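# Results of the structural survey
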Amino acid sequence: MEDRLLVTPAPHITSSKTVRGIMLDVVVSLVPASIAAVVIFGVRSLLIILASVVSAVAAEAIYQKLFKKPLTINDMSATVTGLLLALTLPPNVPIWIPIIGSVFAIVIAKQIFGGLGTNFVNPALAGRAFVLAAWPLHMTHDWVTPLGYDALTGATPLAAFNGTGKTALTLRDLLLGLRAGSLGETCIIALLAGGIYLIARDVIDWRIPVGYLGTLALGTWIFGSPNGFFMGDWISGLLLGGAVLGSFFMATDYVTSPVTRRGRLCMGIGAGVVTLLIRLWGSYPEGVTYAILFMNLVTPLIDKYIVPKYYGYAHDVQARKAATGGAK
Amino acid sequence: MSVIGIIISGVLINNFIFMQYLGICPFIGVSQTLETALGMSGAVIFVMTIASAVTAAFEQFVLAQLGLEYLRTIAYILVIAAFVQLVEIFMKKALPGLYKALGIYLPLITTNCAVLGVTMLNVRHSYSILMSTVNGFAGALGWSLAIIIFAGIRERWQLMDIPPALEGFPLALISTGLMSLAFLGFSGLFKGLL
Amino acid sequence: MSEPRRSLGFDFIKGFIQENPTFALAIGMCPTLAVTTSVENGFWMGMAVVFVLTFSNVFVSLLRRFIPDAIRIPIFVILIATPVVIVELVMKAYLPAIYEVMGIFVPLIVVNCIIIARAEAFAYRYPVMNSLMDGLGIGAAYTVNLMVIGGIREFLGTGQIALGSIVFPSAPFFEPAAVMLTPPGGFITLGLLMVLFRVTLGSKAKVEDHSKTS
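Residues numbered from 1 in each chain as written. Chains lettered and ligands numbered in written order. Predicted model: local features only at pLDDT ≥ 70, side-chain atom pairs only at ≥ 80, totals over all residues. Heavy atoms only, no water.

### Overview of the overall build of chain B
Across its full length, chain B carries nine helices and zero strands. Computed over C-alpha atoms, the radius of gyration of chain B comes to 17 Å, within 12% of the 16 Å expected from 2.2 N^0.38 for 194 residues, which places it in the range of a compact globule. Along the first, second and third principal axes, the C-alpha atoms of chain B reach 60 × 45 × 30 Å. Burial statistics for chain B: of 194 residues in total, 60% are counted as buried. A separation of at least 24 residues holds for 80% of the contacts in chain B among residues at least 6 apart in sequence. (Helix = DSSP H or I, 4+ residues; strand = E, 2+ residues; numbered from the N terminus. Rg over C-alpha atoms; globule rule 2.2 N^0.38 Å. Buried < 20%, exposed > 50% of the residue type's maximum accessible area, 1.4 Å probe, protein only. Contact = heavy atoms within 4.5 Å.)

### Looking at a nonpolar patch on the surface
Residue and element names in this part refer to chain A. Taken together, Leu171, Leu218, Trp221, Phe223, Phe229, Phe230, Trp234 and Ile235 make up a surface patch of nonpolar side chains, about 820 Å² in accessible area. Among the elements of the structure, helix 10 (207-223) and helix 11 (234-239) are those that each provide at least two residues to the nonpolar patch. The biggest single contributor to the nonpolar patch is helix 10, with three residues. (Patch = residues over 30% accessible without salt bridge, like charges linked within 9 Å, V, L, I, M, F, W, Y side chains within 5 Å. Areas by Shrake-Rupley, 256 points an atom, 1.4 Å probe, with all protein chains shown as cover. Salt bridge = Lys/Arg side-chain N within 4 Å of Asp/Glu carboxyl O.)

### Section: the packing of aromatic side chains
One pass over the structure, following the stated rule, counts 29 aromatic pairs over all chains. A ring pair is formed by A:Phe113 and A:Phe120, whose centres lie 5.3 Å apart and whose planes are at 80°; its orientation type is edge-to-face. In terms of burial, A:Phe113 and A:Phe120 fall into one category: buried. Seen in terms of ring centroids, A:Trp221 and A:Phe230 are 5.1 Å apart; in terms of plane orientation they differ by 65°. Their pairing is edge-to-face. The class for A:Trp221 is partly exposed, based on a relative accessible area of 33%. By way of ring pairs, the aromatic residues A:Phe113, A:Phe120, A:Phe294, B:Phe18, B:Phe27, B:Phe150, B:Trp157, B:Phe183 and B:Phe186 are connected into one cluster. In this arrangement the basic side chain of C:Lys14 is found over the ring face of C:Phe122, its NZ or CZ atom lying 4.4 Å from the centre. (Phe/Tyr/Trp six-rings, centres within 6.5 Å; stacked < 30°, edge-to-face > 60°. Lys NZ or Arg CZ within 6 Å of the ring centre and 35° of its normal.)

### What about the interface of chain A and chain B?
Chain A puts 33 residues into the contact, and the matching count from chain B is 29 residues. In this structure, the connection of chain A to chain B is made through two salt bridges. A salt bridge links A:Asp303 to B:Arg156, with the shortest nitrogen-to-oxygen separation between them at 2.7 Å. Across the contact surface, chain A and chain B share six residue pairs in polar contact (both at pLDDT 80 or more). (Polar contact = N/O pair within 3.5 Å; in protein donor to acceptor, adjacent residues only side chain to side chain.)

### Focus on the packing of helix 1 (residues 19-41) of chain A against helix 2 (residues 44-66) of chain A
All names here are of chain A. Axis separation between helix 1 and helix 2 bottoms out at 7 Å; the angle between their running directions is 140°. As far as their axial angle goes, helix 2 and helix 1 are oblique. Contacts between helix 1 and helix 2 involve Ser34, Ala37, Val38 and Phe41 from the former and Ser45, Leu46 and Ile49 from the latter. Looking at the contact of helix 1 with helix 2 residue by residue, the class counts come to five nonpolar, two polar and no charged. (Axes fitted to C-alpha atoms, helices over the stretch in contact; angles between N-to-C directions. Parallel < 35°, antiparallel > 145°, perpendicular 65-115°, else oblique. Nonpolar A, V, L, I, M, F, W, Y, C, P; charged D, E, K, R; others polar.)

### What about the layout of surface pockets?
A probe matching the size of a water molecule, rolled over the atoms, marks out where space remains unfilled. For the second largest pocket, the calculated volume is near 1,200 Å³. What lines the second largest pocket is a set of 39 residues, and nearest its centre among them are B:Leu108, B:Thr111, C:Ile73, C:Ile116 and C:Ala117. Residue assignment for the lining of the second largest pocket shows that the elements contributing at least two residues are helix 2 (24-29), helix 4 (72-94) and helix 6 (106-110) of chain B together with helix 4 (72-94) and helix 6 (113-123) of chain C. The dominant element in the lining of the second largest pocket, judged by the number of residues it contributes, is helix 6 of chain C, at seven residues. (1 Å grid on protein atoms, 1.4 Å probe; cavity = no way out; pocket = protein on both sides within 12 Å on 5 of 7 lines; lining within 4 Å. Points joined across faces, edges and corners; volume = space filled by probe spheres on them.)

### Digging into the side chain of C:Glu19
With respect to the helices and strands, C:Glu19 occurs in the loop between helix 1 (8-13) and helix 2 (29-35). In terms of polar contacts, C:Glu19 uses its side chain to reach the side chain of C:Arg118, at 3.1 Å.

### Overview of the pattern of salt bridges
A full pass over the atoms with the stated rule returns 17 salt bridges over all chains. A salt bridge links A:Arg264 to A:Asp205, with the shortest nitrogen-to-oxygen separation between them at 2.8 Å. Separated by 59 residues along the polypeptide, A:Arg264 in helix 13 (residues 261-281) and A:Asp205 in the loop between helix 9 (188-200) and helix 10 bring together distant segments of the chain. Measuring nitrogen to oxygen at the nearest pair gives 3.0 Å for the salt bridge that ties A:Arg279 to A:Glu286. Overall, the relative accessible area of 18% leaves A:Glu286 in the buried class. The structure contains a network of salt bridges with shared partners spanning C:Asp11, C:Lys14, C:Glu19, C:Arg118 and C:Asp134.

### Some points on the interface of chain B and chain C
Between chain B and chain C, the contact holds 41 residues from the first and 43 residues from the second. Buried area between chain B and chain C, both sides added, is near 3,500 Å², and the carbon and sulfur share of it is 79%. Broken down residue by residue, the surface that chain B buries against chain C is led by B:Tyr21, B:Phe169 and B:Leu173, which jointly contribute 20%. Summed over the shared surface of chain B and chain C, the number is one salt bridge. With its nearest N and O atoms 3.8 Å apart, the salt bridge here joins B:Arg124 to C:Glu100. At the junction of chain B and chain C, the tally comes to three residue pairs in polar contact (both at pLDDT 80 or more). Of all the elements in the fold, those that place two or more residues in the side of chain B that touches chain C are helix 2, helix 4, helix 7 (113-124) and helix 9 (169-183) of chain B. Of the residues in the side of chain B that touches chain C, the class split is 25 nonpolar, 13 polar and three charged. (Buried area = accessible area lost by both parts, 1.4 Å probe.)

### Quick notes on empty space enclosed by the protein
Tallied over the entire structure, the rule returns four cavities of 30 Å³ or more. Each pocket or cavity is described by its volume, and for the largest cavity that value is around 60 Å³. Forming the boundary of the largest cavity are B:Cys25, B:Cys113, C:Gly28, C:Met29, C:Cys30, C:Pro31, C:Phe105, C:Leu108, C:Val111, C:Asn112 and C:Cys113. Residue composition of the lining of the largest cavity, grouped by class: nine nonpolar, two polar and no charged. Every residue lining the second largest cavity is listed: A:Phe161, A:Asn162, A:Thr220, A:Gly224, A:Leu276, A:Arg279 and A:Leu280. When contributions to the lining of the second largest cavity are tallied by element, the ones reaching two or more residues are helix 7 (157-164) and helix 13 of chain A. With three residues, the top contributor of residues to the lining of the second largest cavity is helix 13 of chain A. Looking at the lining of the second largest cavity, its residues break down into three nonpolar, three polar and one charged.

### A closer look at the environment of B:Ala94
Residue and element names in this part refer to chain B. Turning to its location among the elements, Ala94 is positioned in helix 4. The exposure class of Ala94 is partly exposed, given its relative accessible area of 43%. Considered as a pair, Ala94 and Ser132 are 38 residues apart in the sequence and their alpha carbons are 28 Å apart.

### Some words on unusual backbone geometry
Residue C:Pro169 is bonded to the preceding C:Phe168 through a cis peptide linkage, with omega at -15°. Along the polypeptide, C:Pro169 turns up in the loop between strand 2 (166-168) and helix 8 (183-201). The phi dihedral of A:Met76 is positive, around 65°, even though this residue is not glycine. Mapped onto the secondary structure, A:Met76 falls in the loop between helix 2 and helix 3 (77-87). Phi at A:Leu147 takes a positive value of approximately 65°, unusual for a residue other than glycine.

### Concerning the side chain of A:Thr289
Mapped onto the secondary structure, A:Thr289 falls in helix 14 (residues 288-305). Those residues within four positions of A:Thr289 in sequence are excluded, and the remaining contacts are A:Leu125, A:Arg128 and A:Ala129.

### Quick notes on the environment of B:Ser31
Within the secondary structure, B:Ser31 is located in the loop between helix 2 and helix 3 (34-66). Only 3.5 Å separates the side chain of B:Ser31 from the backbone oxygen of B:Ile28, close enough to count as a polar contact.

### Concerning the confidence of the model for chain C
All names here are of chain C. Mean pLDDT for chain C: 86, with 93% of residues reaching 70 or above. Mean pLDDT across the elements of chain C bottoms out in strand 2 (81) and peaks in helix 3 (residues 39-62) (93). With pTM at 0.89, the complex prediction returns an ipTM value of 0.89. (pLDDT = per-residue confidence, 0-100.)

Now the structure itself:
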């Protein structure tokens, strides 16, 4: 009898989109930011990206071979994880950091649960959080001067901004990405291009980045200036750090974000709030990684308690009204 | 430390599960469904808060007065065990509805190291009776947050195909590791302001 | 109660594989995670547990015919708390640095599931000599568990292993991963070791799992 009752997790209505198709779209959307990384921070960026992607794909292939599971590297989800992880790393990190980070991301944060669709945290961010906790010095000091390609070991512009509420960088610098930072986070124009592409291709839901960045902007405006409320430089707050990269490309990961539209908006807002908390009052300069990971954790609860109006709801409401003669 | 400071510390910064390793056995044992997690949370919050108050009072008015601090461990565990037993009896008679919801979790709580743990931590921090109570409440709140989040995640695993070597504790431990990785972000929150 | 005679040797050895408290029975997790930041801490906690467990097992077994079933748990607790207080005082006096590092987990031995579980499942039912062996064996196995986990975490987390004044190797030959000493590192290490145990020795062990969905 049990064999005749087939229970599978959602979704049950599918479209023509394949996993590989979606992943390809994501890779395409990240190409501008990757090119920007090489231009701004040097050829080493390419090395880091390659190391990360190759490690991720290899880790997945080896794990699946070892445990006799079907090979899924062709769906390109490992490629995306590797690429995303690389883009969150400082340009001067030793090569073994993206390698170890990718292996952790794929094996621990994704494969042991059963592969794609079963993880509960964003694998790339889990990998980043792991290497950040393991080698904090590298992850917070291995910067490179933009376009100068010299090593720069100091606080990031975001750290300075959190303390003073001001930054010396011009809007042009911020939009073009001419500042110290992680490989993929600086060139806002490239990121926005990719993000808009994904929204247009219906790969991601705009509610997450809009909710996230909107909340972050609002909070930075209200609390971001040490001289008083409602004076914060919210533009710089949005463009500095990894919020644009995270909100468009990480928080939107299907498996680890809510299913409903209202839920996604909640996730975006929640991530914005936690990012603000950590940036303004926490001991790390950047809160995006932890904010998104935390919202990943509460996504199942969001999905449980923010239930969409079921199909046919409007019809029922009308029917009820008609039955009671429109009164009450 | 202010009351708010203790609460934020207990829930986010020094979360009993993710940062302090307290109360792990029931955390893994009772988190399979949201329902059991909520039930256990209720019992834990209740017991930890009042146990903190009672042991703190006992510390101040008995152990300190008589100079018997070295008997703290024995005294506290007996106080907690007795208290939980009393609560169970009282609940069974007077609050049958609540007993049905929480009652089965009560005996498990005596050995929940989070309960004795928080009373010991109260002594370490030299908290007053009021602050000890708040700390007990805060720690329990953090514990509950952890188990509720985890239950949400675990409910999704029921439909997954997990290899037997990983099933149960190993996967739970690795997942808790990933969750605590996320909670690292809260360390040092509001430092200097609390 | 007439119990069959059990091999004393078996009762000692079984803690290492068949009834390994950490990897097979999965009990007493909290201190396991908390003190395994170094081999040394693991060793001393192990020794403390050996003492308390053996003491408790012996006395529970000696008195098992006189302990009424209804109030056995509180009686166990008293019998366990006594050696714990002794351990606390001795550690405070002779190993103050280790006592400080272990913090509240020394008095927390009194609620360590391993000790209560062995009292309930074994010492309450079997004769004294067997209970003594059970205590020594499970305690010794637990000490080994702690030292292995502690060794891995300490080595990967600091690049070296320090036993007293002996430090090996003299300088780390890789960049140590600080995360291993933090809770995430601890949880993941223990989880992975459990998988390793199950995959290699699982067939021989009595793997009990109170955490699975029923």
